[in-house]
Amino acid sequence: MACMGYPKCKTTAFVEADFVEEYFNRNGGTGQKCLRCKYSLKAEKGIYGVYIHCCGQPVHKYKLDEI
């Protein structure tokens, strides 16, 4: 995650997959849905950080700013 003042401010922080899952399910919601097939999305930790993929079609992958 990066500062909203980027590129002037270059502060970044690592985002945990659990944090993203909590964000998806905030306010008692059922989570975020895939923009392509409407299955639920799941956040997982990969070698380059957290990524989001669809539970129905694992090839549907997203970056945090695309959700």
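Let me sum up the structure you'll find in this document. (Residues numbered from 1 in each chain as written. Predicted model: local features only at pLDDT ≥ 70, side-chain atom pairs only at ≥ 80, totals over all residues. Heavy atoms only, no water.)

Describing the side chain of His53
Checked against the element boundaries, His53 lands in strand 2 (residues 49-54). Looking at His53, its side chain comes within polar contact range of the side chain of Glu44, at 3.2 Å. Leave out the neighbours within four places in its chain, and His53 touches Ser40, Leu41, Lys42, Glu44, Pro58, His60 and Lys61. (Helix = DSSP H or I, 4+ residues; strand = E, 2+ residues; numbered from the N terminus. Polar contact = N/O pair within 3.5 Å; in protein donor to acceptor, adjacent residues only side chain to side chain. Contact = heavy atoms within 4.5 Å.)

A look at the pairing of strand 1 (residues 41-46)
Bridge count between strand 1 and strand 2: six bridges; the pairing is antiparallel. Each residue of the ladder has a partner; that of Lys42, found in strand 2, is His53. In sequence, strand 1 turns back onto strand 2 through a hairpin of two residues. (Pairing = 2+ DSSP bridges.)

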